[in-house]
Amino acid sequence: MLSLIALFTFFTLRERKIRKAAENKITKHQSLINLELHAFQAQLDPHFIFNSLNAIHHYILTTSTDMASLYLTRFSRLMRIMISNFNKEWITLREELDALELYIQLEQLRFDEQFKYQIQVRPEVNQQLTFIPPLIIQPYVQYAIWHRLLLRPEKSGGQLTITIGKDKDRLFIQLEDNGVMISEMLDSTGERQATGVDIASERLYMMSEKYQMKASIKALQVHDNSHSPTTNRLIISMQHVGARQSLAG
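Residues numbered from 1 in each chain as written. Predicted model: local features only at pLDDT ≥ 70, side-chain atom pairs only at ≥ 80, totals over all residues. Heavy atoms only, no water.

Enquirer: When you look at the overall build of the chain in this model, what are you seeing that I'm missing?
Expert: When helices and strands are counted, the chain shows 7 helices and 7 strands. The order of α-helices and β-strands along the chain, N terminus first, is α-α-α-β-α-β-β-α-β-β-α-β-β-α. Counting every position in the chain, which comprises 249 residues, the buried fraction comes to 44%. Look at the contacts in the chain between residues 6 or more apart in sequence, and 74% of them connect residues 24 or more apart. A total of about 14200 Å² of accessible surface is found on the chain, and carbon and sulfur atoms cover 56% of it. (Helix = DSSP H or I, 4+ residues; strand = E, 2+ residues; numbered from the N terminus. Buried < 20%, exposed > 50% of the residue type's maximum accessible area, 1.4 Å probe, protein only. Contact = heavy atoms within 4.5 Å. Areas by Shrake-Rupley, 256 points an atom, 1.4 Å probe, with all protein chains shown as cover.)

Structure below.
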């Protein structure tokens, strides 16, 4: 009798543990889906869309048909890529960079090239066989443009450099800009866009937990020899994920 009671208790507790684990898994999955939706909404920022269409309208009215055509082509390509990548857990690094470059080029046109940019992918990184979660890099680039580079008093000479490389089995994405220093930024100016950054970091950490990517995000200032801050630097680091690993996930 005691053996039956013990056996019944064991299976009851085991069933509760399995049910709780399943419920936790469903909750995490639902949270990730919600974050993906919010990230997509943040990337389709109404302010950015309105200003882009307004810029196209301006070029048409000023008879700058070549610029209007260029702007419209890039804008439509970016929208198509963003919609295509929505609800995907993984995309190739090449796909992410294609969308990122279109976004930066649109911002350059809209702000009369107040800044220049450079994307450097080191030879050890295969862009077609390296996979990353979508909607991760762009919010940080947008933040750097809107709240650092465009706030430069000079209104010219801004520089944004994106470097992607590998260190052993880890992929790193480094963003560096010479906009206003982080300590000089006002919280009120970054309130709206900080939401997109927060969503991106939360999604990355959830993906990291799900796939054991050991992701990290580090922000710092680079100083010159006199210890004066010269540039802002952000480093996104994660375990390198190749084609087979993403398919297995």
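Enquirer: Could you clarify how one ought to interpret the packing of helix H3 (residues 65–85) against helix H4 (residues 93–110) in this entry?
Expert: In a pair of packed helices, the angle between the axes and the distance between the axes together describe the arrangement. Packing of H3 against H4 brings their axes to within 9 Å, and their N-to-C directions diverge by 145 degrees. Considering only the axes of H3 and H4, their crossing is left-handed. Across the interface between the two elements, Met67, Leu70, Tyr71, Arg74, Phe75, Arg77, Leu78 and Ile81 of H3 pack against Glu95, Asp98, Ala99, Leu102, Tyr103, Gln105, Leu106, Leu109 and Arg110 of H4. Considering only residue class, the contact of H3 with H4 consists of 11 nonpolar, 1 polar and 5 charged. (Axes fitted to C-alpha atoms, helices over the stretch in contact; angles between N-to-C directions. Left-handed = near helix turned anticlockwise from the far one by under 90°. Nonpolar A, V, L, I, M, F, W, Y, C, P; charged D, E, K, R; others polar.)

Enquirer: For this particular structure, what's the right way to read helix H5 (residues 138–149)?
Expert: Counting buried residues along H5, 12 of its 12 residues qualify, which places the element largely inside the surrounding structure. Those residues of H5 lying buried are Gln138, Pro139, Tyr140, Val141, Gln142, Tyr143, Ala144, Ile145, Trp146, His147, Arg148 and Leu149.

Enquirer: So what exactly am I meant to see when it comes to the sheet that holds strand S6 (residues 216–223) here?
Expert: Think of a sheet as strands paired side by side through backbone hydrogen bonds, with each pair either parallel or antiparallel. Pairing is mixed in the open sheet, where 5 strands are placed in the order S2-S4-S5-S7-S6. Looking at which strands have only one partner, the edges of the open sheet turn out to be strand S2 (115–121) and S6. With direction set aside, neighbouring strand axes in the sheet form an average angle of 15 degrees. Examined bridge by bridge, strand S5 (residues 170–177) and strand S7 (residues 229–239) share 8 bridges and lie antiparallel to one another. Residue Asp177 lies in a different strand from S7, and its bridge partner there is Asn232. Helix-sheet contacts for H4 involve S2 and strand S4 (158–167), and the interaxial angle to S2 is about 170 degrees. Against the sheet, H5 touches S2, S4, S5, S6 and S7, its axis set at about 150 degrees to S4. (Pairing = 2+ DSSP bridges.)

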